[in-house]
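# Architecture and fold: a report
As a plain string of letters, each chain reads:
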Amino acid sequence: MQDVDFVNGLLDFITKSPTPFHAVSTMAEILNANGYTYLNEKDQWDLQGKQPAGGRYYVTRNDSSIIAFQINQPLLDKGIMMVGAHTDSPCLKVKPNPEIINNNYLQLGVEVYGGALLNPWFDRDLSLAGRISYLNVDGVIEHQLIDLEKAIAIIPSLAIHLDREANSKREINKQKHLPPVLMKFPEGDVDAKLNFKSVLLKIVNANLEQTDVNKVKAQKILDYELSFYDVQQPAVIGLHDDFISSARLDNLLSCYTGLRALLDNDGEKNTLLVCNDHEEVGSASAVGAQGPFLKSVLERLCESDEGVSRMIANSMMISADNAHGVHPNYADKHDGNHGPLLNSGPVIKINANQRYASNSEISAVFMHLCELADVPVQSFVVRSDMACGSTIGPIMASEIGVKTVDVGVPTFAMHSIRELAGRWDAYYLYRVLKQFFK
Ligand SMILES: [Zn+2]
C-alpha cells in the first residue's frame, strides 16, 4: 500500500472511530470485507482440525476489544506473530444521572476516563458517541452504537478578565469545571424534568427507522456508555505536510497500522492482531490486556496445555503504543541521548524496571526487522529522575509469557484532545509490522 493511501485510510479510520465500540466495529467491517470470518466466543469453534488451512478469523469481546488472526502453518511448531494495541483513549464520559440545569443552561455531568490532558478540552466543538442498551417493545434487551456526528456541546473557558492568573495558575476542578453546555432554555421555560434517557430514546428509534424499518422499536433506555469527542476532522498539516494532527492517535494509529499490516502481508506465517479496551485505566478488566481474552483465544487454538506452552514459546509479540517525541520547547524533559524525533522512525521503548516489556533479545529482532523494511529506528528511555509510563506490553507478557517488545511512533501532546504524530512514522511502522508478519 502506498503512503498516501495508507495515511488517508488512517484518517478515515480515526474519523469513523470516536469510541472503542466504533473502532472495533470499523475494524470488523474491514476484516469482513477482507475474507475474515467472525467467531462468537459462545460457540464451539472446532478450529483445530482445520489447521493449517489458511483460516482467517476474528473475535470480539464487549464490542470494544478485538482479536483477528490468520493460521497458515502448524501452530505449535511455528508459533504466532502477534501485534498488540489498544482501542481506548482518554475522554469525558457521561454520568448515569447526568442532567444539570444551572442558570437556565442544560449541562451534562461527566466523568474523566483515563489520564486526560484537560486544558485542551475547553473551547472545542464536542459531539457524543458510544453504545446504548435498551429494552425493545418485545421485551428483549438490544444494543445500538450511536454517533451524533454534529457538535452538540462545548466546555467554554472562563474569560481571562475573570481569572487573571489563568496563564500561570489555572486549576481545573473535574467536578465543577468540566460539565459541557448543551443548550439554553428560553426565559421562563426551563424544563426541570428534562431526562437524558428520553432524549436518547428518540435518537435510538430515529436510527432504527433510518437503518432498518423492520427492526423492533425501543421502548426504554436501560443504560449507556457515551463519551464526548472533538468533531474537528483529523488532518495532515505542516508547511511540508510533515504531521498528522488528530484526536485518539494514542492508540488508534497503532490499531489501524496493525490491522493494515495483518491484511496486507502475504500470508505465510501465523499472524494475530489484538486490540484491547481499558489500557488507559490500567487494563484490569474482562476485556483489558490484563484480562483473559487473548489467553482464552490462544487456548482454543491448541488442543492441550502443553500445546499452548509450546506455541507461546515459538511466538513473539510487538506491542505498539505511541511514544513521547522530544518537544522542541521542552527538550529538557527527555534524556539528552534518548529523545525520539518525529518522522525519524518507530521507537523501541526500554525500561530497566520493566515498565516496558522490551529486552535485548527481542529488541534486536525489531531492529533487524526495521533494517529489512528499510525503516529508521529510535530508542526511548525516560530520564532517570522521572517516572516512566507503561502500556499493554508488560501486562500481556506477564499474562501469557510471550516474548514482547514495546514500540510506538513518537508523538506530541499525548492524551490531549488533539495529538500530533509524524506523517511518515505511521507508514514506517506499517512497513515494519508487515515485515514482521511476512
Ligand atoms: Zn496508549
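## Observations concerning the overall build of the chain
Tallying secondary structure elements over the chain gives 11 helices and 20 strands in all. Taken over C-alpha atoms, the radius of gyration comes to 23 Å for the chain, in line with the 22 Å a tight globule of 438 residues would show. With the C-alpha coordinates aligned to their principal axes, the bounding extent of the chain is approximately 75 × 60 × 40 Å. Restricting the contact set of the chain to residue pairs at least 6 apart, pairs at least 24 apart contribute 76%.

## Considering the sheet that holds strand β11 (residues 235-237)
Judged by pairing direction, the sheet is mixed, and its 5 strands sit side by side in the order β11-β12-β20-β19-β15 without closing on themselves. With one partner strand each, in any of the chains shown, β11 and β15 (323-324) form the two edges of the open sheet. Note: strand β12 (residues 243-246) against strand β20 (residues 419-422), 4 bridges, orientation antiparallel. Bridge pairing in β20 links Phe243 to Gly422. Contacts from helix α6 (residues 249-264) reach β12, β19 (410-412) and β20, with the element oriented near 40° to β20.

## A short note on the nonpolar core
Counting 86 residues, the largest nonpolar core has Ile67, Ala68, Ile318, Ala421, Ala426 and Leu433 as the members making the most contacts within it. Beyond its immediate chain neighbours, meaning those up to four positions away, Ala421 contacts Phe243, Ile244, Leu249, Leu253, Leu342, Val409, Thr411 and Ala426. Formed by 28 residues, the second largest nonpolar core is a distinct cluster that contains Leu106, Trp121, Phe228 and Ala247.

## Brief notes about the packing of helix α1 (residues 3-15) against α6
Interhelical geometry of α1 versus α6 gives an angle of 125° and a closest axis separation of 10 Å. One element, α1, and the other, α6, form an angle in the oblique class. The handedness of the crossing between α1 and α6 comes out as right-handed. In this structure, α1 contributes Phe6, Gly9, Leu10, Phe13 and Ile14 to the contact, and α6 contributes Leu252, Leu253, Tyr256 and Arg260.

## Brief notes about the domain arrangement of the chain
Many analyses report the size of an interface as the accessible area lost when the parts associate. Looking at the assigned domains, one finds that the chain contains domain 1 (3-89 + 247-437) and domain 2 (91-230). Taken over C-alpha atoms, the centre of domain 1 sits 31 Å from the centre of domain 2. Counting residues at the interface gives 14 residues for domain 1, matched by 17 residues for domain 2.

## Focus: the sheet that holds strand β14 (residues 316-320)
Strand order across the open sheet formed by 9 strands is β1-β2-β3-β13-β4-β14-β18-β16-β17, with mixed pairing between neighbours. Two strands lie at the open edges of the sheet, namely β1 (37-39) and β17 (378-380), each paired on one side alone. Between one strand axis and the next, the sheet turns through 25° on average, direction left out of account. As paired strands, strand β3 (residues 65-71) and strand β13 (residues 271-276) are joined by 5 bridges and run antiparallel to one another. Among the inter-strand pairings, Phe69 is bridged to a residue of β13, identified as Leu272.

## Things to note about the environment of Pro179
In this structure, Pro179 sits in the loop between α4 (166-169) and β9 (181-184). Overall, Pro179 belongs to the buried group, with 22 C-beta atoms counted inside 10 Å. Through-space distance from the C-alpha of Pro179 to that of Leu108 is 5.4 Å; in sequence the pair is 71 residues apart. When near neighbours in sequence (up to four residues on either side) are disregarded, Pro179 contacts Ile100, Gln107, Leu108, Gly109 and Val110.

## Here we look at unusual backbone geometry
In this model, Asp250 is joined to Asn251 through a cis peptide bond whose omega is 10°. When you line up the elements, Asn251 lands in helix α6. A positive phi angle, close to 75°, is found at His415, a residue other than glycine. In this fold, His415 is placed in the loop between β19 and β20.

## What about helix α8 (residues 305-313)?
When we look at burial in α8, the residues that qualify are Val308, Met311 and Ile312. Along the axis of α8, the buried residues cluster in a sector spanning 95°; they form a single face. Opposite the buried face of α8, by more than 90 degrees, sit the exposed residues Glu306 and Ala313. Its buried side turned inward, α8 meets α3 (75-78), α7 (293-301) and α10 (392-400).

## Points about the environment of Ser65
By the element assignment, Ser65 lies in strand β3. Given 27 C-beta atoms within 10 Å, Ser65 falls into the buried group. For the pair Ser65 and Val140, spaced 75 residues apart in the sequence, the C-alpha separation amounts to 24 Å. What Ser65 contacts, discounting residues up to four positions off in sequence, is Val24, Thr60, Thr87, Cys275, Asn276, Asp277, Val287 and Phe293.

## Section: the pairing of strand β5 (residues 91-102)
Across 8 bridges, the pairing between β5 and strand β6 (residues 105-113) is antiparallel. Residue pairing in the sheet places Asn102 in a bridge with Tyr105 of β6. Pairing analysis gives 2 bridges linking β5 to strand β10 (residues 218-230), with the strands arranged antiparallel. Each bridged residue has a counterpart across the sheet, and for Lys93 the counterpart in β10 is Ser227.

What counts, and at which threshold
- Here the residue numbering is sequential within each chain, running from 1 through the sequence in written order.
- Predicted model: local features are reported for residues with pLDDT of at least 70 only, side-chain atom pairs are reported and counted for 80 or more only, and whole-chain, interface and lining totals are derived from all residues.
- What counts as a helix is a DSSP run of H or I of at least four residues, what counts as a strand is a run of E of at least two, and both are numbered from the N terminus.
- With the radius of gyration taken over C-alpha atoms, the globule rule is written as 2.2 Å times the number of residues to the power 0.38.
- Distance between backbone-placed C-beta atoms decides contact: two residues are in contact if it is within 7 Å.
- If DSSP finds at least two bridges between two strands, the strands pair.
- In this description, a line fitted to the C-alpha atoms serves as the axis of each element, helices being fitted only across the stretch in contact, and the angle between N-to-C directions of two axes falls anywhere from 0 to 180 degrees.
- Note on terminology: a nonpolar core is a set of buried residues of type Ala, Val, Leu, Ile, Met, Phe, Trp, Tyr or Cys, with members joined through C-beta atoms within 7 Å.
- Partly exposed residues are those whose C-beta has more than 12 but fewer than 20 other C-beta atoms within 10 Å; with 20 or more the residue is buried, with 12 or fewer it is exposed, and the C-beta atoms are placed from the backbone.
- Just so you know how the angles are binned, under 35 degrees is roughly parallel, over 145 roughly antiparallel, 65 to 115 roughly perpendicular, and the rest oblique.
- Should the near helix be turned anticlockwise from the far one by less than a right angle, the crossing is left-handed, and should it be turned clockwise, the crossing is right-handed.
- The domain boundaries here were taken from an automatic or database domain assignment.
- Working definition: the arc comes from the directions between the helix axis and the C-beta atoms, pointing outward to the latter.

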